[in-house]
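So the chains spell out like this:
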Amino acid sequence: MNPEQLVLIRSMTVETRAAPDRLTRCFVILIAVALVWQALRPQAFPTSAEAGRETVTVNLERIGGRYLTNGIIPVDCRGGRP
């Protein structure tokens, strides 16, 4: 063997991650609570709807400024935007 001294050095690497500060945690919690509220509000507090009391007359003589002929309503079934 070699008469020189053998020195073993152990090293340890500690990686530290910056923890979010208190303000960031509060904002994240506030956003999470707001999202839950938006999701649950319609089921928890449904809004009521009521029909109007007045009578509305509908005249199908014209649609879109065009007169109807023979009671036929023009329909565009191409599926795309005009």
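Each value, and the rule that gives it
- Residues numbered from 1 in each chain as written.
- Predicted model: local features only at pLDDT ≥ 70, side-chain atom pairs only at ≥ 80, totals over all residues.
- Heavy atoms only, no water.
- Helix = DSSP H or I, 4+ residues; strand = E, 2+ residues; numbered from the N terminus.
- Buried < 20%, exposed > 50% of the residue type's maximum accessible area, 1.4 Å probe, protein only.
- Areas by Shrake-Rupley, 256 points an atom, 1.4 Å probe, with all protein chains shown as cover.
- Contact = heavy atoms within 4.5 Å.
- Phe/Tyr/Trp six-rings, centres within 6.5 Å; stacked < 30°, edge-to-face > 60°.
- pLDDT = per-residue confidence, 0-100.
- Expected span 1.5 Å × (residues − 1).
- Bend = angle between axes of the 7 residues up to and from the residue.
- Patch = residues over 30% accessible without salt bridge, like charges linked within 9 Å, V, L, I, M, F, W, Y side chains within 5 Å.
- Salt bridge = Lys/Arg side-chain N within 4 Å of Asp/Glu carboxyl O.

1. Considerations on the overall build of the protein chain
1) Next: Scanning the protein chain from terminus to terminus reveals 1 helix and 2 strands.
2) Next: Going from the N terminus to the C terminus, the protein chain shows its helices and strands as α-β-β.
3) Next: Within the protein chain, the proportion of its 82 residues that are buried is 1%.
4) Next: Carbon and sulfur atoms form 58% of the exposed surface of the protein chain, whose accessible area is close to 9300 Å².

2. A look at the environment of Arg25
1) Next: By the element assignment, Arg25 lies in helix α1 (residues 22-44).
2) Next: Excluding its chain neighbours within four sequence positions, the residues that come into contact with Arg25 are Ala19 and Pro20.

3. Regarding the packing of aromatic side chains
1) Next: For the coordinates displayed, the defined rule picks out 1 aromatic pair.
2) Next: Each ring, one from Trp37 and one from Phe45, has its centre 5.9 Å from the other, and the planes form 50 degrees; the classification is tilted.
3) Next: Relative accessible area serves as the criterion here: at 43%, Trp37 is assigned to the partly exposed category.
4) Next: Looking at Phe45, the relative accessible area reads 53%, which means it is exposed.

4. Quick word on the confidence of the model for the protein chain
Do not read the predicted coordinates in detail wherever pLDDT is low.
1) Next: The predicted model of the protein chain averages 77 in pLDDT, with 70% of residues at 70 or higher.
2) Next: Within the protein chain, the element-level pLDDT minimum falls on strand β1 (residues 62-63), averaging 67, and the maximum on α1, averaging 92.

5. Structural notes on α1
1) Next: For α1, with 23 residues, the first-to-last C-alpha span of 31 Å sits near the 33 Å given by 1.5 Å per residue.
2) Next: Maximum bend of α1: about 30 degrees, positioned at Gln38, with proline Pro42 one to four residues after it.

6. A word on a nonpolar patch on the surface
1) Next: Together, Leu23, Phe27, Leu30, Ile31 and Leu35 line one region of the surface with nonpolar side chains, adding up to about 550 Å² of accessible area.
2) Next: By the secondary structure assignment, Leu23 is in helix α1.
3) Next: In this structure Leu23 comes out as exposed when scored by relative accessible area, which is 51%.

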